[in-house]
Amino acid sequence: MSDDELKQVANEIRKGVVTATHAAKSGHPGGSLSATDILTYLYFEEMNVDPADPRKADRDRFVLSKGHAAPGLYSTLAERGYFPKSDLETLRHIGSHLQGHPNMNDTPGVDMSTGSLGQGVSAAVGMALAAKHWGNDYRVFCMLGDGEIEEGQVWEAAMFAGNHALDNLVLIVDHNGLQIDGTIEEVNSAMPIADKFRAFKFHVIELADGNDMAQIRSAFEEARGVKGQPTCIVAETVKGKGVSFMENQVGWHGKAPNDEQYEQAMAELSKEA
Amino acid sequence: MADVKKVATRASYGEALAELAAEHDDFVVFDADLAEATHTATFKKAYPERFFDAGIAEGNMMGLAAGVATTGHKAFASTFAMFAAGRAFEQVRNSIGYPHLNVKIGATHAGISVGEDGATHQCNEDIALMRTIPGMTVIVPCDDVEAKAAVRAAYELDGPVYMRFGRLAVPVVNDPETFKFEVGKGIVMREGTDVTIVACGLMVQAALEAAEALAEKGISAEVIDTHTVKPIDADLIVKSAQKTGRVVTCEEHSVIGGLGSAVCDVLAERCPTPVRKIGVQDTFGYSGPAVDLLHEFGLDAEGVAREVEEFVRA
Ligand SMILES: Cc1ncc(C[n+]2csc(CCOP(=O)(O)OP(=O)(O)O)c2C)c(N)n1
Ligand SMILES: [Mg+2]
């Protein structure tokens, strides 16, 4: 797909995020929207996956370590054809396969259950290790939040991945600058992020605009060529990207749009299309 | 039992892993810088390329094992019970239990028989913790024969398993020629009519020896080995309780939340029966030689016999 086509897809996925969280009356739009462009690129361009066969053995894997961005992942999977887009309106409802945080045994296309921050990345490293050990050539992608990387387990996982030279692993830090209690600087930031991952033996790609499709493309193209060490893409993003009143607002981390806000958000996103 | 062969179940774990590896190449083993102590070193020596050291990072180790398991393979993850069930509880709960992955946790150095290392390393809470995780199978083997069978059964079973092994060498009471192991099925080690002793781990040996001493005093004790604490063999426990009318539970673990609680859960609902719980009585352990500690905590044959006699005569 061209960058323009991917942008259109991302816009549809954003609508799904707004629709799902509005229907759920809860959930996490901010971190879903900052990650949308990268999720789009991964599922529509980068990863070897088949929505008709979500568990095919040689597929590339994706672990959403920042599991609260489930609406972003679900909307991406729906757009990609893993399940009907109408399912998004069941998010967080009793009986829905779309749990508040991703569960691999509920939702087609979800490769690991996540939600407790810091844990998904370990599983991603385990997947990459398994691929190396059993001689499979699939790749593993894992997205972390910039608040999430305050968790010690992230660095335990990074240490292991670096020491084992897992070059089939690509971590993406969604560096939107915000967590729950404030900016990452106000709370307890892990800055400088790129230097830390370099120190943990990663090849680091600093993606200046993680909401720009052309830049995302070149980052993942570079990652493809990296051998002998894992890659970490540190992506500068805007939390709430695409919905004016949510952008860069810490308050939109875990809050659903009301009816009025829903209308406004959908109108803005429809103008984009 | 002085002339009986003694083996620590952690050693059985290491040997069983190596034996299993010869037959199956679909699993790997993780440890967290304790390979000599947990005896995964036995496996590592035989299959170095299938052994991965996570270093001193138990939470990550559980996640690595979970990740491996998502790919359709299996993983054993090993460290001391304190760090497997304690430090990494939430990783086990959320990354292994919730997705119901094929991770087999080999937790060694459980209970006060850790000995000299003292309270920080004597985990008396792991059965309670692991038992609360939906879908988790919890196995506490008593001897070498049972421990090896448990490792094999854990490998075969679909889903997460927590295996609890000890540091102390304990008498081998099962005959490898005739021994049959089935997950979730207790074993009547000795029949009796006055009281039922339900035990797991090294307390099975203590209970058997106690039953011997009690017989001399005219008390007929039935001894049941509940190697699987979850799912517990409720039918067997109820049947025996109906026969004897009194139940004593024996575990090298806190009396809160462990085997004793599991047995009480069953009996309270299906066959209310007076119960005496032998175990660590809501207290921390301390340093000392393992055998002396077990004696001080009343977790040897003498202590069990004393409690049972008092309970039966009361
Ligand atoms: C272990 C753990 N602690 C706390 C939380 C609650 N929590 C959910 S999201 C979040 C903030 C995450 O911030 P960040 O990683 O920056 O995510 P993003 O900005 O991309 O939404 C917190 C603290 C959690 N899910 N897991
Ligand atoms: Mg953030």
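Quick look at the structure, then.

Definitions and limits used
Residues numbered from 1 in each chain as written. Chains lettered and ligands numbered in written order. Predicted model: local features only at pLDDT ≥ 70, side-chain atom pairs only at ≥ 80, totals over all residues. Heavy atoms only, no water. Helix = DSSP H or I, 4+ residues; strand = E, 2+ residues; numbered from the N terminus. Expected span 1.5 Å × (residues − 1). Buried < 20%, exposed > 50% of the residue type's maximum accessible area, 1.4 Å probe, protein only. Pairing = 2+ DSSP bridges. Right-handed = clockwise from strand over helix to strand, strands pointing away. Near = heavy atom within 4 Å. Polar contact = N/O pair within 3.5 Å; in protein donor to acceptor, adjacent residues only side chain to side chain. Nonpolar A, V, L, I, M, F, W, Y, C, P; charged D, E, K, R; others polar. Contact = heavy atoms within 4.5 Å. Buried area = accessible area lost by both parts, 1.4 Å probe. Salt bridge = Lys/Arg side-chain N within 4 Å of Asp/Glu carboxyl O. Axes fitted to C-alpha atoms, helices over the stretch in contact; angles between N-to-C directions. Parallel < 35°, antiparallel > 145°, perpendicular 65-115°, else oblique. Left-handed = near helix turned anticlockwise from the far one by under 90°. Donors = N, O, S within 2.8 Å, 3.2 Å for Na, K, Ca; no water.

**Some remarks on helix α9 (residues 203-216) of chain B**
Residue and element names in this part refer to chain B. With 14 residues, α9 should cover 20 Å at 1.5 Å per step; its first-to-last C-alpha distance of 20 Å lies within 8% of that length. The set of residues buried in α9 consists of Met203, Val204, Gln205, Ala206, Ala207, Leu208, Ala210, Ala211 and Leu214. Just downstream of α9 lies Gly218, where phi reads positive at about 85 degrees.

**Focus on the pairing of strand β14 (residues 275-280) of chain B**
Alignment of strand β13 (residues 247-254) of chain B against β14 of chain B, held across 5 bridges, turns out to be parallel. For Val248 of chain B, the partnering residue across the bridge sits in β14 of chain B and is Arg276 of chain B.

**Topic: the pairing of strand β11 (residues 221-225) of chain B**
Residues and elements named next belong to chain B. The buried count for β11 comes to 5 of 5 residues, which makes it a mostly enclosed element. Where strand β9 (residues 187-190) lies against β11, 3 bridges are found, and the strand directions are antiparallel. Directly across from Val188, in β11, lies its bridge partner Ile224. Sheet topology note: the strand β10 (residues 195-199)/β11 ladder contains 5 bridges and is parallel. The residue bridging Val195 from the neighbouring strand is Ala221, located in β11. Following the backbone out of β10, through α9 and into the adjacent parallel β11, one traces a crossover that is right-handed.

**Some remarks on the site of ligand 1**
All names here are of chain A. Near ligand 1 there are 17 residues, and of these Lys66, His68, Asp146, Glu148 and Lys239 occur at the shortest range. Asp146 is positioned such that a nitrogen or oxygen atom in its side chain is 2.8 Å from an oxygen atom of ligand 1. Within the side chain of Lys239, a nitrogen or oxygen atom sits 2.7 Å from an oxygen atom of ligand 1. A breakdown of the residues in the shell around ligand 1 according to their chemical character gives 3 nonpolar, 9 polar and 5 charged.

**Quick word on the interface of chain B and chain A**
Residue-level contacts link 30 residues of chain B with 26 residues of chain A. Summed over both partners, the interface of chain B with chain A comes to about 2,000 Å²; 61% of that surface belongs to carbon and sulfur atoms. One can count 0 salt bridges joining chain B with chain A. Our enumeration of links across chain B and chain A arrives at 10 residue pairs in polar contact (both at pLDDT 80 or more). Counting only elements with at least two residues in the side of chain B that touches chain A, the list comes to β2 (27-31), β3 (51-53), α4 (58-70) and α6 (89-97) of chain B.

**Here we look at the packing of helix α1 (residues 3-24) of chain A against helix α2 (residues 29-46) of chain A**
All names here are of chain A. Between α1 and α2, whose axes approach to 9 Å, the crossing angle comes to 140 degrees. Relative to α2, the element α1 lies oblique. Considering the relative orientation of α1 and α2, their crossing is right-handed. Here Leu6, Val9, Ala10, Ile13, Arg14, Val17 and Thr21 of α1 come into contact with α2, specifically with Pro29, Ser32, Leu33, Thr36, Asp37, Thr40, Tyr41, Phe44 and Glu45. When the residues that make up the contact of α1 with α2 are grouped by side-chain class, the tally is 9 nonpolar, 4 polar and 3 charged.

**Some remarks on the coordination of the magnesium ion (ligand 2)**
Residues and elements named next belong to chain A. Coordination sphere of the magnesium ion (ligand 2), protein contribution only: Asp146 (OD), Asn176 (OD1) and Leu178 (O), at 2.1 to 2.2 Å. Between consecutive donor residues of the magnesium ion (ligand 2), the sequence gaps follow D-x29-N-x1-L. With Asp146 in the loop between β2 (140-145) and α5 (152-163) and Leu178 in the loop between β3 (169-175) and α6 (184-187), this residue pair connects regions lying 32 residues apart in the sequence. Residue Asp146 is classed as buried on the basis of its relative accessible area of 1%.

**What about the sheet that holds strand β12 (residues 228-230) of chain B?**
Residues and elements named next belong to chain B. Taken together, 7 strands build an open sheet; the order of strands is β3-β2-β4-β5-β7-β6-β12 and the sheet is mixed. Taken across any chain shown, the strands that pair with only one partner, and hence form the sheet edges, are β3 and β12. Neighbour-to-neighbour, the strand axes of this sheet turn through a mean angle of 20 degrees, independent of strand direction. As paired elements, strand β6 (residues 137-139) and strand β7 (residues 161-164) share 3 bridges and run parallel to each other. Considered in β7, the bridge of Val138 is made with Tyr162.

**Topic: the sheet that holds β3 of chain A**
All names here are of chain A. Judged by pairing direction, the sheet is parallel, and its 5 strands sit side by side in the order β1-β2-β3-β5-β4 without closing on themselves. The open sheet has two edge strands, β1 (61-64) and β4 (203-207), and neither has a second partner. Each adjacent strand pair in this sheet contributes to an overall mean axis angle of 20 degrees, direction not counted. Where β4 lies against strand β5 (residues 231-236), 5 bridges are found, and the strand directions are parallel. Bridge pairing in β5 links Leu207 to Ala235. Contacting β2, β3, β4 and β5, helix α8 (residues 213-224) runs over the sheet at an angle of about 170 degrees to β4.

**Describing the side chain of Thr9 of chain B**
Residue and element names in this part refer to chain B. Relative to the helices and strands, Thr9 resides in helix α1 (residues 9-23). Residue Thr9 is classed as buried on the basis of its relative accessible area, which comes to 5%. In contact with Thr9, not counting residues within four places along its chain, are Pro141, Cys142, Asp143, Asp144, Ala147, Phe165 and Gly166.

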